[in-house]
Each structure stands twice: as C-alpha cells, then as structure tokens.
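Take a look at the letters that make up each chain.
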Amino acid sequence: MASAKPSIPKGTRDFSPIEMAQRNFIFDTIKSVFKIYGYQPIETPAMENLSTLLGKYGEEGDKLLFKILNSGDFTKGVQPTDVTSDGANALSLKICEKGLRYDLTVPFARFVVQYQNDITFPFKRYQIQPVWRADRPQKGRYREFYQCDVDVVGSNSLLNEVELVLIIDEVFSKLGVNHTIKINNRKILSGMVEVVGETERLIDITVAIDKIDKIGIDAVNKELANKGVSLQAIEKLQPIIQLKGTNAEKLSILSNFLSSSEIGLEGIEEMKTIFDSVGRLEGLDTTVELDLSLARGLNYYTGAIFEVEANDMEMGSICGGGRYDDLTGIFGLKNVSGVGISFGADRIYDVMLHLNLFPESLLASSQVMFTNFGPKEAAFCLPLIQKLRAKGISTELYPDAAKMKKQFDYANKKKIAYVVIVGETEIQSGEISVKNMLTGNQENIDTENIAEYFLSSHN
RNA sequence: GUGGAUGUAGCUCAGCAGGUUAGAGCGCUGGAUUGUGGUUCCAGAGGUCGCCGGUUCGAGUCCGGUCUUCCACCCCA
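Here goes a summary of the coordinates provided. (Residues numbered from 1 in each chain as written. Chains lettered and ligands numbered in written order. Predicted model: local features only at pLDDT ≥ 70, side-chain atom pairs only at ≥ 80, totals over all residues. Heavy atoms only, no water.)

**Points about the environment of leucine 281**
With respect to the secondary-structure elements, leucine 281 resides in the loop between helix H13 (262-280) and strand S8 (287-290). Taking the relative accessible area as the measure of exposure, leucine 281 reaches 36% and is therefore partly exposed. (Helix = DSSP H or I, 4+ residues; strand = E, 2+ residues; numbered from the N terminus. Buried < 20%, exposed > 50% of the residue type's maximum accessible area, 1.4 Å probe, protein only.)

As structure tokens, then:
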C-alpha cells in the first residue's frame with residue numbers, strides 16, 4: 001500500500017537546524033532588548049475562549065479566526081435547520097467554543113484583567129509566541145507565525161510611546177535591518193473626519209489617501225466620491241490628501257486644518273511631544289515619519305499608531321502597534337490604558353535572509369571538531385574535549401573512525417572553524433595538531449594549553 | 001473571500017504542431033589521494049514529469065478537476 005505523501009497544512013512551515021539558528025538569533029536579539037528596557041515575559045495558551053477573541057479585530061478579523069471543534073458530541077443541540085438557515089458562521093459558533101489566538105495583545109488584555117490584583121502597574125511585559133490566522137498564504141504571510149510583543153499597561157504617559165521607538169530602533173539596528181517607522185494617531189484621524197463631516201467614512205478616507213502615490217490625486221478623489229464622500233468634504237480634504245514635507249510642516253498644516261476639532265488637536269499635541277522627544281535623542285538609526293494613511297484595521301487602537309517597514313525590500317510591515325485606551329474595559333477593567341508593539345519575526349527573517357544579513361557564524365554547529373582515528377585515540381581525546389566544553393567552547397568528536405577526507409568534509413560543511421588531529425604521533429609527543437579550516441594553517445599545541453589556545457584565538 | 005499565474009532529479013531550470021530508453025548546471029556518492037576539507041580530474045546513483053480523471057493508436061506536452069507555491073485586491077506581522 002502506498003503511504004500518503006507527508007505534508008503539513010497550508011501556510012505552516014518546518015524549520016531546519018540552520019533556520020532555527022537564524023530564527024533564534026532574531027528571537028534572542030529581540031528578547032535581550034526587551035529585557036534591558038525592563039520588560040518581563042509571560043505566556044498564554046495557544047487557544048482562548050472564542051468569546052475572548054470575537055469582536056476585537058473587526059469583521060475581517062473575526063473571519064480569520066481558527067475555531068476549534070468542541071470535544072465529545074459537538075452536534076448535541078444542533079438542529080438540522082441550523083446547518084442550512086444561518087450559514088457556516090452561525091453554525092460554527094454552536095459547535096466551537098475555543099479558537100486559536102489571533103494576536104498576543106488581546107490575550108494579554110485578558111491576562112491583565114484576570115490577574116489585576118497580582119499585577120504591579122504600570123505593567124511592562126513581553127511575549128514571544130506563535131499566533132494563527134486563516135488568511136490566504138503569500139510571501140510574508142503565513143497561517144502560523146511568531147509575534148514578539150512588548151506592551152506597557154497602566155500608564156498614559158507618552159514616554160512609553162517614545163520608549164517603543166527606542167526599542168524599535170535598537171532591535172533593528174542590532175539586526176542590521178534598515179527601516180522606517182511610520183507614526184500616525186487615531187485622534188488626528190478622528191478629528192479629520194469630524195472637520196469634514198464624514199465621521200462614518202474614516203476607513204474609506206484613509207484607504208483612499210494611502211493610494212495617492214500609486215494612483216494620483218484625481219483617482220483618489222474619484223474613489224472618495226464613489227465611496228459616497230460628499231463633494232464638499234472631498235474639497236476640504238485636498239490639503240490633507242496632498243500633505244507633504246517634514247513632520248513639523250505636516251503637523252503645522254494639520255493643526256490649522258484641525259483647529260475646530262478638540263480631539264484632533266489633542267492628537268497633534270501627542271505627536272508633537274513624541275517627535276520632540278525622539279528628535280532630542282542622538283544616534284538613532286531610525287527615520288520616524290508621520291504618515292496619515294496609516295490607520296490599522298485593528299479597531300481597538302485609540303491614540304498613536306506605529307508601523308515599521310524595511311527600506312531595502314518590499315515586505316509590508318515588519319512591526320506594528322499602537323495605544324489602546326480601553327482594551328481591558330471589554331473584560332471589565334476600566335480606565336487602564338496600554339500601548340505596545342509587535343515584531344513580526346517571520347517577516348524579519350524573510351527580509352534578513354533576502355538581504356543576507358545573518359552572521360556567517362550562526363551556521364557553525366561547533367567551534368572545534370576532533371577527528372577520530374579509532375577507539376584508542378578517541379579515548380585519549382575525550383578528556384581534552386571535556387576540558388574545552390567546560391570552558392564554554394562547543395566541541396564535538398567525530399563519532400566514527402571514518403576516512404580523514406570524510407571527517408574533514410563533514411567539518412567543512414558544518415562550518416566548524418578548527419579541526420583537531422590526534423593520532424599515534426600526537427599521543428606520543430603530547431602535542432596535538434590543530435588546523436584552522438579558514439586559513440588552512442596547522443600548528444602543534446601542547447595538550448596542556450589547548451583550552452587557552454582556542455579562547456585566545458576566538459576573541 | 002475575489003481575480004491571475006505556477007508545479008519536470010535534493011536545488012535552479014531546459015524539453016522540438018502531442019511520437020521510441022526525459023536532459024543540463026549545481027549538489028550528492030565513490031575513486032585519483034590507506035593522516036587532511038574548501039580548487040582540479042574521472043566514474044556513478046537519483047525523476048510515479050504535483051495528484052486524479054478525460055481526449056488520443058500514443059500525453060511531461062491538449063482538456064477538466066484538485067492540491068501546492070506565488071502575484072494582485074483585501075487585510076496585516
């Protein structure tokens with residue numbers, strides 16, 4: 001009987017040892033930055049109750065949730081008419097009460113409310129775990145992917161927003177990824193639609209503004225009209241659609257435009273504060289740019305919105321987030337504001353791979369390999385190997401007494417920097433041969449000094 | 001969810017209006033070199049031509065379906 005071809009579900013991936021080394025390099029870098037800014041880790045389960053998840057991500061988001069079929073007799077209580085009358089979506093709610101998490105922010109909000117009495121506010125946490133979305137897979141878009149979230153909850157201070165900009169800058173400069181941070185503010189967007197009297201069409205207007213560079217001013221105006229935006233409002237919006245210049249110039253135009261909107265002006269003030277603070281810091285690699293087209297579909301954002309794009313490759317956003325004033329309110333804890341961002345590890349991986357940004361050294365499994373000439377020589381090597389390992393030098397012994405060519409070939413492919421040769425002559429003399437695989441040089445080292453040799457040659 | 005492409009050896013790709021044993025480069029295995037890799041030379045292994053069905057005397061090549069991957073829209077990490 002022919003066995004089925006092994007495969008994994010669409011949009012998921014396996015990771016080889018080399019890919020893991022590269023992915024861990026990203027995770028470790030991000031984690032180290034999070035820690036140094038005083039954030040602490042938490043984890044939450046892969047699945048949440050659907051009631052926790054539904055309604056937090058907008059209509060589109062709800063559709064993209066993976067739902068988990070109830071255990072046991074899940075058809076209990078389902079009538080034949082349920083199958084035909086209300087459609088699959090309504091039926092799924094009758095037979096599923098759990099779902100895979102869609103992001104890390106909503107489970108975090110649930111966590112904060114659930115453990116509010118044990119948490120010291122402001123609560124700074126980071127969380128690095130996979131999330132799942134029933135999206136159609138594409139380049140940079142997977143059904144299972146890792147997010148690396150940092151959030152502060154229980155503080156209204158804009159210093160938190162500034163800190164997030166610093167974290168973004170530090171992470172990407174450590175990873176060597178050239179990037180641009182785009183910032184916007186929901187309050188500015190609210191003010192904008194308020195001023196033109198189209199409060200119902202926030203999304204239509206931001207989507208249209210976003211297309212200005214691609215399709216031009218006339219097409220944008222036409223699209224706005226098609227969406228039902230009044231001609232008067234479109235007329236008023238012109239300076240906004242064609243907004244250009246430095247951040248300061250944009251803000252000054254905007255504050256004129258929003259002069260009659262209290263909430264809009266509040267947004268302007270927030271942006272000014274953030275830009276001022278960031279501008280005063282030196283040595284930032286980051287370009288921070290005010291971008292009005294940034295709206296973000298997640299409907300819980302209320303203040304600043306962030307998105308980061310790689311400069312040297314088309315990849316959509318590799319990091320995003322914002323402030324949410326009342327996410328915990330949905331779960332019963334009022335007046336707790338939070339702000340956070342999420343690094344998309346998988347997209348960052350794709351960018352780094354494409355741009356060749358991973359350090360070569362990640363590919364090496366060990367720093368040193370001992371060749372194997374047979375049982376007697378191997379026995380002689382083992383104590384030496386242990387000595388190196390104790391000093392923190394990753395070392396391996398080739399397990400079989402294979403031909404030298406084969407053993408060297410192995411070391412070469414595994415990118416091992418040094419090969420140690422111990423045969424009859426070396427045991428006799430007490431000096432072992434060490435070959436540098438990069439230069440091809442070979443020298444004899446006294447077994448007493450071997451650890452020191454590698455320690456010094458590596459630093 | 002809508003629209004459009006793609007799928008041939010481990011990888012990147014050839015394949016003549018449908019016609020006998022399906023090719024290349026790289027990689028892999030072995031040898032030249034019984035204590036030395038990354039260069040060179042020689043030899044060899046490896047393919048249900050994504051899967052299912054149809055048209056045909058005959059299908060990698062045409063048709064339908066299906067799955068995969070990718071692109072655009074949408075949304076986003």
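Next comes the rest of the description.
**Some points on helix H1 (residues 17-36)**
Compared with the 28 Å implied by 1.5 Å per residue over 20 residues, the 28 Å span of H1 between its first and last C-alpha is a close match. When we look at burial in H1, the residues that qualify are Gln22, Arg23, Ile26, Phe27, Thr29, Ile30, Val33 and Phe34. Angular distribution of buried residues about the axis of H1 spans 155 degrees; they occupy a single face of the element. In this structure, H1 carries Pro17, Lys35 and Ile36 as exposed residues pointing more than 90 degrees from its buried face. Contacts made by the buried residues of H1 are with strand S5 (123-132), strand S6 (144-153), helix H7 (159-175), strand S11 (338-344) and helix H14 (345-354). The first or second residue beyond H1 is glycine 38, which carries a positive phi of 90 degrees. (Expected span 1.5 Å × (residues − 1). Arc of directions from axis to C-beta. Contact = heavy atoms within 4.5 Å.)

**Topic: the sheet that holds S6**
The mixed open sheet is built from 8 strands, whose spatial order is S1-S5-S6-S11-S10-S9-S7-S8. Here the strands that pair on one side only, and so sit at the sheet edges, are strand S1 (40-41) and S8. Of the pairings in the sheet, the one linking S5 to S6 comprises 10 bridges and is antiparallel in character. Within S6, the residue paired with glutamine 127 across the bridge is aspartate 149. (Pairing = 2+ DSSP bridges.)

**With respect to the packing of aromatic side chains**
Scanning the model with the defined rule gives 16 aromatic pairs in all. Where phenylalanine 34 meets phenylalanine 343, the ring centres are 5.8 Å apart and the plane angle is 50 degrees; that geometry is what we call tilted. Of this pair, phenylalanine 34 sits in helix H1 while phenylalanine 343 sits in strand S11, and the two are 309 residues apart along the sequence. Summarising the aromatic geometry, the rings of tyrosine 300 and tyrosine 324 are spaced 6.0 Å apart at their centres and angled 80 degrees between planes, so their arrangement reads as edge-to-face. Note that tyrosine 300 is positioned in the loop between S8 and strand S9 (304-310) and tyrosine 324 in strand S10 (residues 317-324), a separation of 24 residues in sequence. The class of tyrosine 300 is buried, set by a relative accessible area of 8%. Owing to a relative accessible area of 3%, tyrosine 324 belongs among the buried residues under this scheme. It is lysine 124 that lies over the ring of tyrosine 39; its NZ or CZ is 4.5 Å from the centre. Over the face of the ring belonging to tyrosine 102 we find arginine 133, whose NZ or CZ atom lies 4.0 Å from the ring centre. (Phe/Tyr/Trp six-rings, centres within 6.5 Å; stacked < 30°, edge-to-face > 60°. Lys NZ or Arg CZ within 6 Å of the ring centre and 35° of its normal.)

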